[in-house]
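Architecture and fold: a report
In case you want the letters, here they are:
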Amino acid sequence: MRPLPMLNLKHTSMKGIELLAVSQEYTIRTEFREYPNLVFTGFSVENNDVTLACFDDVQNGWESFFDISVPTNEVILKQKEFS
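A few points on the structure. (Residues numbered from 1 in each chain as written. Predicted model: local features only at pLDDT ≥ 70, side-chain atom pairs only at ≥ 80, totals over all residues. Heavy atoms only, no water.)

1. So, the side chain of N37
Short version of the rule: Helix and strand assignments follow DSSP, with helices taken as H or I runs no shorter than four residues and strands as E runs no shorter than two, numbered in order from the N terminus. Each polar contact in these results corresponds to two N or O atoms within 3.5 Å; when the atoms are within protein, one needs to be able to donate a hydrogen and the other to accept it, and residues that are neighboring in sequence are counted only if both atoms are side-chain atoms. The contact rule is simple, with two residues in contact once any of their heavy atoms fall within 4.5 Å.
With respect to the helices, strands and loops of the structure, N37 is situated in strand β3 (residues 34–46). Within the structure, the side chain of N37 is placed 2.9 Å from the side chain of Q59, a separation counted as a polar contact. Those residues in contact with N37 that sit more than four places away from it in its chain are E25, Y26, T27, D56, D57, V58, Q59 and K78.

2. Considering the pairing of strand β4 (residues 50–57)
Along any regular strand, the residues point their side chains to alternate faces of the sheet. Heads up, the condition is: Only protein chains enter the calculation, and the probe is 1.4 Å; a residue is then buried if its accessible area is under 20% of its type maximum, exposed if over 50%, and partly exposed in between. Think of it this way: DSSP has to see at least two bridges between two strands before they count as a pair.
Most of β4 sits inside the fold, with six of its eight residues counted as buried. Strand direction decides the pairing type here: β3 and β4, joined by eight bridges, are antiparallel. Looking at β4, one finds that V39 is bridged to D56. Adjacent in sequence and paired antiparallel, β3 and β4 are bridged by three residues, among which N47 carries a positive phi angle near 55°.

3. Concerning the packing of aromatic side chains
Rules: Ring pairs are drawn from Phe, Tyr and Trp, using the six-membered ring of Trp, whenever the two centres fall within 6.5 Å, and their geometry is named by plane angle: stacked under 30 degrees, edge-to-face over 60, tilted for the rest.
Summed over all chains, the structure comprises five aromatic pairs. Their ring planes at 75° and their centres at 6.4 Å tell us that Y26 and F55 sit as a pair that is edge-to-face. In this pair, Y26 is assigned in strand β2 (residues 25–29) and F55 in strand β4, connecting sequence segments 29 residues apart. Ring geometry for F55 versus F66: centroids 5.8 Å apart, planes at 75°, classification edge-to-face. Remark: F66 occurs in strand β5 (residues 63–67) and F55 occurs in strand β4; sequence separation between them is eleven residues. The exposure class of F55 is buried, given its relative accessible area of 1%. Of the residues examined, F66 reaches a relative accessible area of 7% and is grouped as buried. By the ring-pair criterion, three or more aromatic residues cluster together here, those being Y26, Y35, F40, F43, F55 and F66.

Structure follows, in C-alpha cells:
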C-alpha cells in the first residue's frame, strides 16, 4: 500500500470525506450497514485508479478500507461524550 500524499476532494463521491482527520474516530455508513468505532489512518492508492480511505477497527482489531468514489459511502464523525 502506498500512502497518498495529497487528495483532491473534488474527485471523490464519498459523503463527509472532508471530515476525515488522522487518529479521529468515525462511523462509516455504506449502502448495506454501518461500521462504528473506526479510527482513520490515511488514504491508499490501489492499482493506480482506486483510492481507499483506511481505518483501524478499535473494537475488533482489524483494518477496514472504503472506496472514496462510492457515493453511498458516508463518513460520520463520532461525537465526544461529556460526563
